[in-house]
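Report on the structure
Chain by chain, the residues:
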Amino acid sequence: MGTVNISRKYTATQKTYLWAIFIGMKITFKRLLQGFFLRKNNTIQYPEERRDYSQRFRGMHFISVDKNKTENCTACYLCQTVCPAECIHIIADERDEDNNPDGVKKEKRPLSFDIDALRCCFCGFCEEACPKDAIKLSRNYELAVTTRDDAIYDLDFLKRDVKGRG
Amino acid sequence: MSNTTEIEIKMPKVDLNYSSFKKPVQVSADPAAKPNPKVTIDGKVYDFAPGDTIMQVAERYKIHEEIPRYCYHPGMPIAGSCRMCTVEVEKAPKLMTSCSTPAADGMVVHTRSEKVVKSRTGVMEFLLTNHPLDCPVCDKAGECELQDYNFEYGPMTSNFKEEKRVYEDSTTKKLSDKVTLNMNRCVHCERCVRFTDDVTKTSDLVMLNRGYKKELAAADEERGLFNDYQGCLTDFCPVGALTYNDFRFEKRVWFLEKKASICDRCSKGCNIEVHSEKDVVYRYMPIFNEQVNQHWMCDEGRSSYQSLSNPLRIISPLMKYQDALHSTSIETLLGSISKELQSASSVELVVGTDATCEEAAYLKEKMPEVIKNIRLSYYNGTNNVTTSKDDQKLDNLLRMKDKTANTKGVEETGLTALKNGEVSSEIAILFRSGRAGIPKMKADQKLILWGVWTQEEIKALPSKNILGVIAGLSTIEKIGSFKNTDGILQKFAPAIVHRGNGLSVKSVVSAWKSLK
Ligand code: SF4
Ligand code: SF4
Ligand code: SF4
Ligand code: SF4
Ligand code: FES
């Protein structure tokens, strides 16, 4: 891919930027004065205070579990297939017959299930595709990690307890 | 041989369950000849041969994909039990099953009329009443005829409110160590039963009970399935009732890339489809070829993909250094063995009969230029086969006694069989592609191994005096041709890219030449 150069015609006001700076400063001072004299806060004291996001907010993934703490995922690969960012990596396996109270319903299991959150675009397609309502996006938006490895969610992490949608 | 047929192995346009050997009927040029009977299908007139059923006429003109089917399979006798293939025949009081209704002169057939589509929807609804629809766990999903036809004809809703039928004992039942049955998914087409009755003639599958309780079982529960073509059951089972254990849960079929190649496990040379993702092979499936393997392939061949990704396979040149083999570059290896070869009193090259025709001819032509006074011969060594004359059928279908793919082809290059099956020169170079036997030898025979070898095979060699191993390509990684037991020359192209440091014969020989 080459570089595309685009030239635009700018008006005199646009060239000096002064008018734009003035508009910006106007908002800044308005908020400053509001804060000082009217005690009107425009920010919150995060992390002590938190915003309540919409129920439909799409944050950190989790995989729902049943009453035996077995994941609901059956490694059907539909999420991996649909994922536009190609960040889901599943390896399927047969579940141990003797430890499988659900029989044929859960005979297939994910041996490993990794989501690379660094690549994920939180589109929610995986949740939409899942026939077992296994993979879900919680409302947890605190995704910061200290190493890149921590941003790869493995099965044990995904199976963590999430109430409702978190 | 003058009557050689040459075939280039290509990916077929239609899938296995639709491939048929029926060809359009020849129209005689002689106006006085009796005209062929004709049938009209969807407004077009087709000539047919007397005895054809409507489905077979459609097959002749490659319009048979218009007609959905479960029980009909071009390689098996007709059953007419699923009612999916119904078509409307003008003047007939009711719909006819196209697979079993003989075509008649002047018949007018509609394959897509409103009545037909309604009937197919009805059949689909009935099939789905008891079907578990567990596509997420089902390995057939993606290549399932029930899915495909339901998408095309099926009702979007079901009127069935009752509990679905569950076969408690045969939900996940191993019919043998190769095939698993999930009876809940079965649509009772009985292709599998007819296959064991009429194709393998082993009759090791039966349908027990009737109606609602109709259940598939191995004829001898203790012995399970015992035919040598069990993988085929899983190819043509239209649903995920029969699944192949080696492939079970390994991969979703829609990720697989499909390339044509040839099976190198016996002298039949069955045409195969190599299913791989990122150059890792997940399974082989047969390709329909009327002259060679029809619709089938044996389980030994089907499982042979495992040898490709065998972790013990040698995929890098190895050189002897201080009594052990070490991985090295091809130039270093050839340099070191050339020295040994020059000082040796006699050298021989034994070409395994699993080499391609091109490889054998190339070695015969070029090796004398690289090593002076080299003796060349070929060796088969599987099942006591020495030459292609010893080859015979092992059963009524495909399997052959000669377990290498190209005995005929190697013989035709003019090489002679290894005397007494024993190497006698000071240094013997053994060239094989993982299939030919290993000749007899003295306990201190100096050896150079070439081609596809595994560490187990090297450990089992009678002699431990190995100067080096030149890693080569296996059949599906290379281009070439095999001449099968019936004298059919089949060409194939690489199906996957070799992911090691193995080299083709040509590049090894040219590296060898450029040393001097
Ligand atoms: S949210 Fe979208 S990008 Fe992220 S894992 Fe799911 S499908 Fe992939
Ligand atoms: S999370 Fe859902 S869509 Fe993804 S593999 Fe598991 S069952 Fe299938
Ligand atoms: S047999 Fe076909 S329809 Fe039935 S569960 Fe398997 S893929 Fe789905
Ligand atoms: S197991 Fe498969 S091939 Fe056999 S009757 Fe059932 S659906 Fe047909
Ligand atoms: S295909 Fe004709 S009845 Fe089954």
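Residues numbered from 1 in each chain as written. Chains lettered and ligands numbered in written order. Predicted model: local features only at pLDDT ≥ 70, side-chain atom pairs only at ≥ 80, totals over all residues. Heavy atoms only, no water.

Residues and elements named next belong to chain B. With respect to topology, 3 strands assemble into an open sheet ordered 7-8-11, the strand pairing being antiparallel. Every interior strand has two partners, whereas the edge strands, strand 7 (173–174) and strand 11 (242–244), have only one. The pairing of strand 8 (residues 179–181) with strand 11 spans 3 bridges and is antiparallel. Within strand 11, the position partnered with T180 by the bridge is T243. (Pairing = 2+ DSSP bridges. Helix = DSSP H or I, 4+ residues; strand = E, 2+ residues; numbered from the N terminus.)

All names here are of chain B. Of all hydrophobic cores here, the largest spans 55 residues; its most connected members are Y70, F195, L216, L242, Y284 and W296. Looking at this core, the element that brings in the most residues is helix 4 (residues 191–199), giving 4 residues. Mapped onto the domain boundaries, this core takes at least three residues apiece from domain 1 (164–307) and domain 2 (318–514). Among residues more than four places away in sequence, those in contact with L216 are L181, M183, C192, V193, L205, V206, M207 and L242. (Core = buried A, V, L, I, M, F, W, Y, C linked by side-chain atoms within 4.5 Å. Buried < 20%, exposed > 50% of the residue type's maximum accessible area, 1.4 Å probe, protein only. Domains from an automatic or database assignment. Contact = heavy atoms within 4.5 Å.)

All names here are of chain B. Among the structural elements, D391 can be located in the loop between strand 18 (374–379) and helix 9 (407–412). Buried charge without a salt bridge: D391, with K408 as the nearest opposite-charge side chain at an N-O distance of 7.0 Å. Side chain to side chain, D391 and T485 meet in a polar contact 3.2 Å long. (Lys, Arg positive; Asp, Glu negative; His and termini not counted. Salt bridge = Lys/Arg side-chain N within 4 Å of Asp/Glu carboxyl O. Polar contact = N/O pair within 3.5 Å; in protein donor to acceptor, adjacent residues only side chain to side chain.)

Okay, the packing of aromatic side chains next. Following the criterion strictly, the structure yields 18 aromatic pairs over all chains and no others. Measuring from centroid to centroid gives 4.7 Å for Y46 of chain B and Y61 of chain B, while their planes differ by 35°, and the two rings are tilted. One end of the pair, Y46 of chain B, is in strand 3 (residues 44–47); the other, Y61 of chain B, is in the loop between helix 1 (54–60) and strand 4 (86–89), with 15 residues separating them in the sequence. Judged by relative accessible area, Y46 of chain B falls into the buried class, the value being 12%. The lysine or arginine in question, R160 of chain A, covers the ring of F157 of chain A, its NZ or CZ lying 4.5 Å from the ring centre. One residue, R432 of chain B, lies across the ring of W453 of chain B, its end atom 4.7 Å from the ring centre. (Phe/Tyr/Trp six-rings, centres within 6.5 Å; stacked < 30°, edge-to-face > 60°. Lys NZ or Arg CZ within 6 Å of the ring centre and 35° of its normal.)

Often, the extent of an interface is quoted as the loss of accessible area on bringing the components together. Between chain A and chain B, the residue contacts involve 15 residues of the former and 14 residues of the latter. For the pair chain A and chain B, the interface holds 2 salt bridges. Notably, a salt bridge pairs E107 of chain A with R248 of chain B, separated by 3.2 Å at the nearest N-O pair. Connecting chain A to chain B are 5 residue pairs in polar contact (both at pLDDT 80 or more). Breaking the side of chain A that touches chain B down by element, the ones donating at least two residues are helix 3 (78–82) and strand 2 (88–94) of chain A. Split into classes, the residues belonging to the side of chain A that touches chain B amount to 6 nonpolar, 3 polar and 6 charged. (Nonpolar A, V, L, I, M, F, W, Y, C, P; charged D, E, K, R; others polar.)

Any link to function would need more than the numbers given here.
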